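Fold and geometry: a report
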Amino acid sequence: MSFDRHLAEIAREFPHWTIWRSDAGRWWATRHHPLSAAQREAGCAMTIDADDPDALREQLVDQERRARAPEP
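Residues numbered from 1 in each chain as written. Predicted model: local features only at pLDDT ≥ 70, side-chain atom pairs only at ≥ 80, totals over all residues. Heavy atoms only, no water.

Moving on: the overall build of the protein. Along the protein, the regular secondary structure elements total three helices and three strands. Against the compact-globule benchmark of 11 Å for 72 residues, the protein has a radius of gyration of 12 Å, which places it among compact chains. Here the C-alpha coordinates of the protein stretch approximately 40 × 20 × 20 Å along the principal axes. Element-wise, carbon and sulfur atoms account for 51% of the exposed surface of the protein, whose accessible area totals about 4,800 Å². Here the protein carries 10 positive and 13 negative side-chain charges, and the mean point of each set is 3 Å from the other. (Helix = DSSP H or I, 4+ residues; strand = E, 2+ residues; numbered from the N terminus. Rg over C-alpha atoms; globule rule 2.2 N^0.38 Å. Areas by Shrake-Rupley, 256 points an atom, 1.4 Å probe, with all protein chains shown as cover. Lys, Arg positive; Asp, Glu negative; His and termini not counted. Charge placed at Lys NZ, Arg CZ, Asp CG, Glu CD.)

Structural data, given as structure tokens:
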């Protein structure tokens, strides 16, 4: 599958993120909105990167889970 297709699929799956692939071949995602203090404490990041689209998707799933975690 082409990287453009991977980009489009991940972008549809995670609409609150901007997804791109760098010239060096790394896959990146950055959130559209700032994090709350609770989200930062839960380990959320504004921007993440990975070696390939599958690893990026795994990180995005983890980030979405962390962002939804109930506040203590």
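Following the structure, the description resumes.
This paragraph deals with the pattern of salt bridges. Under the defined criterion, the tally for this structure stands at seven salt bridges. Between Arg26 and Asp51 there is a salt bridge, and its shortest N-O distance comes to 2.1 Å. Separated by 25 residues along the polypeptide, Arg26 in the loop between β1 (17-21) and β2 (27-31) and Asp51 in the loop between β3 (47-50) and α3 (53-68) bring together distant segments of the chain. For Arg26, a relative accessible area of 27% puts it in the partly exposed group. Linked through salt bridges whose partners overlap, the residues forming this network are Glu13, Asp54 and Arg57. (Salt bridge = Lys/Arg side-chain N within 4 Å of Asp/Glu carboxyl O. Buried < 20%, exposed > 50% of the residue type's maximum accessible area, 1.4 Å probe, protein only.)

With that settled, consider the sheet that holds β2. Ordered by their spatial adjacency, three strands build an open sheet running β1-β2-β3, and the pairing between neighbours is antiparallel. Only two strands of the sheet have a single neighbouring strand rather than two, namely β1 and β3. Across this sheet, the average inter-strand angle for adjacent strands is 15 degrees, counted without regard to direction. Note: β2 against β3, four bridges, orientation antiparallel. Within β3, the position partnered with Trp27 by the bridge is Ala50. Docked against the sheet, helix α1 (residues 3-13) engages β1 and β2, running at close to 170 degrees with respect to β1. Contacts from α3 reach β1, β2 and β3 within the one sheet, and its direction differs from that of β3 by about 150 degrees. (Pairing = 2+ DSSP bridges. Axes fitted to C-alpha atoms, helices over the stretch in contact; angles between N-to-C directions. Contact = heavy atoms within 4.5 Å.)

Note that all results are geometric; they support no functional claim without further evidence.
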